[in-house]
Amino acid sequence: MISHANGQPRLYDGSIGFIAVLIVALMLSVSPMALNALGWNYDGLGGAGPTRFHPASYLTVLLFIFIALRDGNPLASAISALGYDFRLALFAIVWVVVFYHGVKNQELPAAGLIDTFLMPMLMLMIFRRLGDITRTRIEAAMHALLAINAVLGLAEFLTGLRLTPYIAGGILITDDWRSTALLGHPLGNALMTGCYIMMLLMGGGTLLHGRTRYAILGLQFSAQVAFGGRASIVLLILFAGVILMIGLFRFLAGARIPLKNIAIIGVLLPVLILGLGGLYELGFFDKFIMRFVEDKGSANARIVMFELFRGFTWTELLLGPPQVNLNYYVHVHKLEFGIESVWIAFSLYYGILPAILFFTGLLFFLFAVMARCQKRGWLVIGYFFLVNTTFLGIAGKSINFTNLIMMLLVLLPAIRLPQRVPNQDRATGEFGA
């Protein structure tokens, strides 16, 4: 134990920063598919309870407890952390209500709501206590791991080899060319890569400058082809087009653009056009283009899923239909990979009324997050939920929402908090700096 000048105890503040960086590294490098390949039955049917949670979730809870103990009064620290924003407390109450309903009445696994929604709450409370140095290390880890993810995605796409087996719904997928890389499911990869690109396009992050930022953007855009997310890349292109148009209008309105940037654009634009043309001729985009032509029934599945509502009474739909019956109808309608819409899936898992309650609470949580981030982050959140509309997403067990919150807090922070000083108050001080 190390003591401050004022005699208040400090319990390994450096360890707090180290664990925070480790959590982010695990979230961005160990996918559910990787866990299954390692024998950690995260997404499989049945299995031991402890393996139903991501290892990073255990570390997140441990770190939250560690911080509470470090403050000296764990209960007061926990209440203070939850109560610093009433919107966060409100979502916590809603989460408890829906969690109880889901486990008790719907007999749904507890791990889904814990890994998907409790972890982001804990991470938000933890992040507000981290110092600048730890945040910088986390940002560096994010850039490095997402760059590695993009490189691996392109390598899998070009070679046909996979880092981990592609398993969806307990089924080994062998006829899908889309890459899984570090983040796992191709759609999840495309979603998080798209969120990352949007943040970089809006100037997010303090460690990437000039040509390095352009190179990373080019790498991530290329990886989107390997991940094959149609909704992700179409929405991303629309967004990038809007950003370019805004820049053009500002230039025409008299805004100054550094000569260096004009020179870079003048050199890179022809090279980019030639490069895209060459890749097209070599067939780099062929598989991705075929996703729009032949989607193996994916679009039809998103229409058929509405038929599921016909099998239940209004009472069952409002409060949650029996899950045994829902699974039967999913099988009857040949929805091999489940319900491919977060809104439909959540409503059928928990009921329409609990779903409305939950997403209302989630909106309050997002306001609490955005109070710590730049307002432009709302565009990223909108993109995240629009893409989730096209697949199961956060209606199932997922770490993507936690990754989104971490990215927003690190890459688009509203302010850079000052580094912690030794005599700072325990209730509001920062650690791991």
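Everything discussed here concerns the structure shown above.
Residues numbered from 1 in each chain as written. Predicted model: local features only at pLDDT ≥ 70, side-chain atom pairs only at ≥ 80, totals over all residues. Heavy atoms only, no water.

(A) Broad picture of the overall build of the protein chain. Secondary structure summary: the protein chain contains 19 helices and four strands in total. A total of 433 residues make up the protein chain; the buried ones form 49% of that total. Sequence-distant contacts in the protein chain: of pairs separated by 6 or more residues, those separated by 24 or more amount to 75%. Carbon and sulfur atoms make up 70% of the accessible area of the protein chain, which amounts to about 20,500 Å² in all. (Helix = DSSP H or I, 4+ residues; strand = E, 2+ residues; numbered from the N terminus. Buried < 20%, exposed > 50% of the residue type's maximum accessible area, 1.4 Å probe, protein only. Contact = heavy atoms within 4.5 Å. Areas by Shrake-Rupley, 256 points an atom, 1.4 Å probe, with all protein chains shown as cover.)

(B) Expanded view of the packing of aromatic side chains. In total, this model carries 19 aromatic pairs according to the counting rule given. Considering the side-chain rings of F157 and W177, the 5.6 Å spacing of their centres and the 65° angle between planes classify their relative orientation as edge-to-face. You can see F157 sitting in helix 7 (residues 132-159) and its partner W177 sitting in the loop between strand 4 (171-172) and helix 8 (186-201), a full 20 residues away along the chain. The ring of Y42 has K397 lying over it, and the distance from NZ or CZ to the ring centre is 4.1 Å. (Phe/Tyr/Trp six-rings, centres within 6.5 Å; stacked < 30°, edge-to-face > 60°. Lys NZ or Arg CZ within 6 Å of the ring centre and 35° of its normal.)

(C) Broad picture of the nonpolar core. Membership of the largest hydrophobic core comes to 107 residues, with the highest contact counts inside it found for F117, I339, F365 and F401. Among the elements that make up this core, the one with the highest residue count is helix 6 (residues 110-127) (twelve residues). Residues within four places of F117 in sequence aside, it is in contact with F91, W95, F346, F358, L362, I394 and F401. Counting residues in each nonpolar core, the second largest holds five residues, with A181, A190, A223 and F227 among its members. (Core = buried A, V, L, I, M, F, W, Y, C linked by side-chain atoms within 4.5 Å.)

(D) The environment of G194, seen in detail. Position of G194 among the secondary structure elements: in helix 8. Among the residues examined, G194 registers a relative accessible area of 0% and is labelled buried. As for G194 and L235, which are separated by 41 residues in sequence, their C-alpha atoms are 8.8 Å apart. Other than its neighbours up to four places away in sequence, G194 contacts Q224, L236 and Y383.

(E) Quick look at a nonpolar patch on the surface. There is a patch of nonpolar side chains on the surface, built from W314, L318, L319, L353 and I356 and spanning about 520 Å² of accessible area. If you trace the backbone, L319 turns up in helix 14 (residues 314-319). Residue classification places L319 among the partly exposed residues on the basis of a relative accessible area of 45%. (Patch = residues over 30% accessible without salt bridge, like charges linked within 9 Å, V, L, I, M, F, W, Y side chains within 5 Å. Salt bridge = Lys/Arg side-chain N within 4 Å of Asp/Glu carboxyl O.)

(F) Spotlight on the pattern of salt bridges. In total, this model carries three salt bridges according to the counting rule given. The shortest N-O distance in the salt bridge between D85 and R87 comes to 2.8 Å.

(G) View of helix 8. Taking 1.5 Å per residue, 16 residues should reach 22 Å; helix 8 reaches 22 Å between its end C-alpha atoms and fits that length. Among the 16 residues of helix 8, 15 are classified as buried, and the element is accordingly described as predominantly covered. Downstream of helix 8 by one or two residues, G203 has phi in the positive range, about 90°. (Expected span 1.5 Å × (residues − 1).)

(H) Expanded view of unusual backbone geometry. A positive phi angle, close to 55°, is found at E107, a residue other than glycine. Within the element layout of this structure, E107 appears in the loop between helix 5 (86-105) and helix 6. For A181, which is not glycine, the phi torsion reads 45° and is therefore positive. Position of A181 relative to the elements: it lies in the loop between strand 4 and helix 8. Taking relative accessible area as the criterion, A181 reaches 2% and is therefore assigned buried.

(I) Spotlight on the packing of helix 8 against helix 19 (residues 400-411). Where helix 8 contacts helix 19, the axes come no closer than 11 Å and their chain directions differ by 10°. Judged on the interaxial angle alone, helix 19 and helix 8 are roughly parallel. Touching G188, L191, M192, C195, Y196 and M199 of helix 8 are N400, N403, L404, M407, L408 and L411, all from helix 19. (Axes fitted to C-alpha atoms, helices over the stretch in contact; angles between N-to-C directions. Parallel < 35°, antiparallel > 145°, perpendicular 65-115°, else oblique.)

(J) Structural view of helix 3 (residues 55-70). Across its 16 residues, helix 3 extends 22 Å between first and last C-alpha, which sits within 8% of the 22 Å expected from 1.5 Å per residue. One or two residues past the end of helix 3 sits G72, with phi positive at roughly 100°.

(K) View of the packing of helix 5 against helix 6. At a closest axis distance of 10 Å, the pairing of helix 5 and helix 6 adopts a crossing angle of 170°. Taken as axis vectors, helix 5 and helix 6 run roughly antiparallel relative to one another. In this structure, helix 5 meets helix 6 at a crossing whose hand is left-handed. The residues of helix 6 that touch helix 5, namely those facing L88, F91, A92, W95, V98, F99 and V103, are A110, L113, I114, F117, L118, M121, L124 and M125. Considered class by class, the residues forming the contact of helix 5 with helix 6 number 15 nonpolar, no polar and no charged. (Left-handed = near helix turned anticlockwise from the far one by under 90°. Nonpolar A, V, L, I, M, F, W, Y, C, P; charged D, E, K, R; others polar.)

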